[in-house]
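One-letter residues, chain by chain:
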Amino acid sequence: MLLFAVAAALGAACAPDTSSRAAGELRGFGMNPPIARPSFTLTATDGKPFAFRERTSGKVTLLFFGYTNCPDACPVHAANIAAVLRELSWADRQRVTFVFVTTDPDRDSLPAIRAWLDHFDSTFVGLRGSVDSVNAIAAKLNLPGAAFEQKAKDGSYGVGHSSVVLAFSADDSARVMYPFGVRQQDWAADIPKLLTIKPR
Amino acid sequence: MRRAAARVVLVVAALVAACAGTNGGVAVRSVFVVPGAGLAPGVLYATIDNAGAAADTLTGIEMEDGSSVMLHDNLTDAVGRTTMQPLQRLVVPPQGRLLLRPGGVHGMVGRGATRPDSVRVTFWFSRGGEIAARAMVIDYAQVDSAVGRGGR
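Note that the structure is a prediction, hence the values are computed from the model and not measured.

What counts and what doesn't
- Residues numbered from 1 in each chain as written.
- Chains lettered and ligands numbered in written order.
- Predicted model: local features only at pLDDT ≥ 70, side-chain atom pairs only at ≥ 80, totals over all residues.
- Heavy atoms only, no water.
- Helix = DSSP H or I, 4+ residues; strand = E, 2+ residues; numbered from the N terminus.
- Buried < 20%, exposed > 50% of the residue type's maximum accessible area, 1.4 Å probe, protein only.
- Pairing = 2+ DSSP bridges.
- Axes fitted to C-alpha atoms, helices over the stretch in contact; angles between N-to-C directions.

Asks: Looking at this model, I keep getting lost on the overall build of chain B. Mind explaining?
Replies: Counting secondary structure elements, chain B contains two helices and eleven strands. Listing the helices and strands of chain B from first to last along the sequence gives α-β-β-β-β-β-β-β-β-β-β-β-α. Taking all 152 residues of chain B together, 45% fall into the buried category.

Asks: Explanation requested: the pairing of strand β2 (residues 41-44) of chain A in the structure shown.
Replies: Successive residues of a regular strand alternate their side chains across the two faces of the sheet. Residue and element names in this part refer to chain A. With three bridges connecting them, β2 and strand β3 (residues 49-51) associate as antiparallel partners. In the strand pairing of β3, T43 is matched with P49. In textbook terms, the turn of a hairpin is the stretch between consecutive antiparallel strands, and for β2 and β3 this stretch comprises four residues, one of which, G47, has a positive phi near 85 degrees. Strand direction decides the pairing type here: β2 and strand β6 (residues 125-128), joined by two bridges, are antiparallel. Directly across from A44, in β6, lies its bridge partner L127.

Asks: Mind showing me how you'd approach the sheet that holds β3(A) here?
Replies: Strands pair in a sheet through their backbones, by hydrogen bonds, and they do so in one of two ways: parallel or antiparallel. Residue and element names in this part refer to chain A. Strand order in the open sheet formed by eight strands is β1-β10-β9-β4-β5-β6-β2-β3, with mixed pairing between adjacent strands. At either margin of the open sheet sits one strand with a lone partner, and together these are β1 (29-36) and β3. Between one strand and the next, the sheet's axes are offset by a mean angle of 35 degrees, whatever the strand orientation. Bridging between β1 and strand β10 (residues 173-178) involves four bridges; their strand directions are antiparallel. Bridge pairing links A36 to S173 in β10.

Okay, here's the thing in structure tokens:
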């Protein structure tokens, strides 16, 4: 009986981490160590506070920092993810959230963010805060903060920002990031695998 | 059977030629315009080939409505921050290719562009002069399949 108990304990101690192995081989870039789902609160497009950790906990959450006047990386990222999410089953679709945090609060009012996101998927979450608060959140995630380019004569300007999407799993960790250039086929391969990672 | 096949080849060639533009050694093809989401700016992608022995320079792009397309390059620095650098001109090397692609060099299209199925776009070159091409107007969700892989 004692030997059986010892064997069982050793077996349990040596059991593989099924949460990471369940994900299989992901096409995103691995992050080692994984980043914990951060705790921060910004204003959502309905004007109400959005506590990111509490509101997204337990879900696959794709977090992206960008701005709506971005013509290339930001809309392509959003459109690719929206296209892939549309193909998920209804049940799986409820378990994935895309969160867009604007790096350009001067031009990205809450209605502007909402209108932009609705072009891709009306369930996408849009968040806004001051430049300093958003940059502080990015820094905690080891991402660069926003950098504002010089205004052109017509008042337009670009905003330098991170172009990666962080993917948090149900275990509240981000172990993989997706740089710009990731294709719809890559998202289609990885999102189902991310959904297999169970909460702690 | 041979005549039918030859007719098909001619029709396909005509369709391809209608969308592409060429002047001397420079050819512009696979032009796509993506209207921006809402009032956001849109984007233009294209493939420019130079079969000539000398380099040519893309100096401007103009939409059918007369608006200019602003050229930009996406540059990522050492800390992973991506910024758009405005460009006044782009060199197309001899016997070479210039790609305007997602994540790389691209054109920024004016806000609020409407969406017909296609639109005429004029490319200006220092040696090749004016080249008109027909751009297919697509959604951002179609960029992945129509334009393909981003970056360089």
